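Listed below, chain by chain, are the residues.
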Amino acid sequence: MLHVLYLVGISAFAASGVLAAHRARMDPFGGLVLAFACSVSGGTLRDLILDRHPLYWTHDWVLLAVIGTVAVATMAYLHRWELPHRTLMIVDALGLSVVTVIGARAAVDAHVTPLAVIILAVLTGVTGEVVRDVLCGQFPPLLLREEVYATAAFAGAVAYLLLDHAGVGDGVATATAAGVVFVLRMIAIFRGLNMPTLRRRCEAAPLDDRCMRT
């Protein structure tokens, strides 16, 4: 079941990569690059930190086939129809919710500390979005500015860790934690909620003395 859920999350990230490439007016090759980059970068970073080799996606042909198929299908759809403005964020939220929990599960299996579980889960969830935004020329990435994104992943990772320590079944813990991430993202998207920024009232340049004093 966990592998099926992972394929669902990876598929969502692949679709979000193509949607971002479409909005950035990239060609089909750019869409494929973003689909693969969004899908595997978070898990790759996690496995490198945990020193797990070979990297999970290098010997999983099903995973690579799913990413490629979803990318091509999404591009074919976009060639004929337009999607609503919020579609990218909703699809991305689905990927974030599933992949974050998968990252938490992998960290728990590696027997790292609880804090490391949370860090690795968040990194697994958000890295794909960071890579996608950077490749699309959006810098700094939106999640590092104000979106309730990494915060949602953090909440989901904490929820999974608490449920796992409480001895709740893995299926219930996974579904509940993924639901926490997804619901928080949906609330943020549809209610327009943002995290507070470090610069509150200053519109001057970041290194301006006037801004540093506010």
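Remember, it's a predicted structure, so these values are computed and weren't measured experimentally.

Topic: the overall build of the protein
Scanning the protein from N- to C-terminus turns up eight helices and zero strands. Moving toward the C terminus, one meets the helices and strands of the protein in the order α-α-α-α-α-α-α-α. For the protein, the proportion of its 214 residues judged to be buried stands at 44%. In the structure as shown, the protein presents an accessible area of about 11,400 Å², 67% of it carried by carbon and sulfur atoms.

So, a nonpolar patch on the surface
A cluster of nonpolar side chains, Val4, Val8 and Leu94, forms an exposed patch at the surface whose accessible area comes to about 230 Å². Take Leu94: it is sitting in helix H4 (residues 87–109). Accessibility expressed as a relative area gives 35% for Leu94, which makes it partly exposed.

Some points on the packing of aromatic side chains
Counted under the stated rule, the structure contains two aromatic pairs. Between Tyr6 and Tyr56, the ring centres sit 5.8 Å apart and the planes meet at 70°, which makes this aromatic pair edge-to-face. Of this pair, Tyr6 sits in helix H1 (residues 2–23) while Tyr56 sits in the loop between helix H2 (28–49) and helix H3 (61–80), placing them 50 residues apart in sequence. Ring geometry for Tyr77 and Trp81: centres 5.0 Å apart, planes at 45°, overall tilted. According to the relative accessible area criterion, Trp81 is partly exposed, its value standing at 46%.

Considerations on the pattern of salt bridges
Under the counting rule described, the total for this entry stands at eight salt bridges. The shortest N-O distance in the salt bridge between Asp92 and Arg132 comes to 3.0 Å. Within this pair, whereas Asp92 is found in helix H4, its partner Arg132 is found in helix H5 (residues 114–135), the two being separated by 40 residues in sequence. The same class applies to Asp92 and to Arg132, which are both buried. Between Arg132 and Asp133 there is a salt bridge, and its shortest N-O distance comes to 3.5 Å. As far as the burial class goes, Arg132 and Asp133 line up, both buried. It is possible to trace a salt-bridge network through shared partners that takes in Asp92, Glu129, Arg132 and Asp133.

Concerning the environment of Asp27
Along the chain, the position of Asp27 falls in the loop between H1 and H2. For the pair formed by Asp27 and Met75, sequence separation is 48 residues and the distance between their alpha carbons is 9.9 Å. Of the polar contacts made by the side chain of Asp27, one reaches the backbone nitrogen of Gly30; its length is 2.8 Å.

Describing unusual backbone geometry
Backbone phi values are negative for most residues with the exception of glycine, while trans is the configuration of most peptide bonds. A cis amide bond, omega -5°, links His53 with the succeeding residue Pro54. Considering the arrangement of structural elements, one finds Pro54 in the loop between H2 and H3.

What to know about helix H6 (residues 150–165)
Counted at 1.5 Å a residue, the expected span for H6 with its 16 residues is 22 Å, and the 22 Å between its end C-alpha atoms agrees. When we look at burial in H6, the residues that qualify are Ala152, Ala153, Gly156, Ala157, Ala159, Tyr160 and Leu161. Packing partners of the buried residues in H6 comprise H4, H5 and helix H7 (170–191). Following H6 by one or two positions, Gly167 adopts a phi angle in the positive range, close to 80°.

Quick look at the packing of H5 against H6
Their axes nearest at 9 Å, the elements H5 and H6 cross at an angle of 135°. As summarised for this structure, H5 and H6 are arranged oblique, according to the angle between their axes. Pair H5 / H6 crosses with right-handed handedness. Contacts between H5 and H6 involve Pro114, Val117, Ile118, Ala121, Val122 and Val126 from the former and Ala150, Ala153, Phe154, Ala157, Val158, Leu161 and His165 from the latter. Here the contact of H5 with H6 is composed, by residue class, of twelve nonpolar, one polar and no charged.

Observations concerning the side chain of Thr44
On the secondary structure map, Thr44 appears in helix H2. With relative accessibility at 15%, the residue Thr44 sits in the buried group. Setting aside anything within four residues of it in sequence, one finds Thr44 in contact with Leu55, Tyr56 and Trp57.

So, how was this worked out
Residues numbered from 1 in each chain as written. Predicted model: local features only at pLDDT ≥ 70, side-chain atom pairs only at ≥ 80, totals over all residues. Heavy atoms only, no water. Helix = DSSP H or I, 4+ residues; strand = E, 2+ residues; numbered from the N terminus. Buried < 20%, exposed > 50% of the residue type's maximum accessible area, 1.4 Å probe, protein only. Areas by Shrake-Rupley, 256 points an atom, 1.4 Å probe, with all protein chains shown as cover. Patch = residues over 30% accessible without salt bridge, like charges linked within 9 Å, V, L, I, M, F, W, Y side chains within 5 Å. Salt bridge = Lys/Arg side-chain N within 4 Å of Asp/Glu carboxyl O. Phe/Tyr/Trp six-rings, centres within 6.5 Å; stacked < 30°, edge-to-face > 60°. Polar contact = N/O pair within 3.5 Å; in protein donor to acceptor, adjacent residues only side chain to side chain. Expected span 1.5 Å × (residues − 1). Contact = heavy atoms within 4.5 Å. Axes fitted to C-alpha atoms, helices over the stretch in contact; angles between N-to-C directions. Parallel < 35°, antiparallel > 145°, perpendicular 65-115°, else oblique. Left-handed = near helix turned anticlockwise from the far one by under 90°. Nonpolar A, V, L, I, M, F, W, Y, C, P; charged D, E, K, R; others polar.

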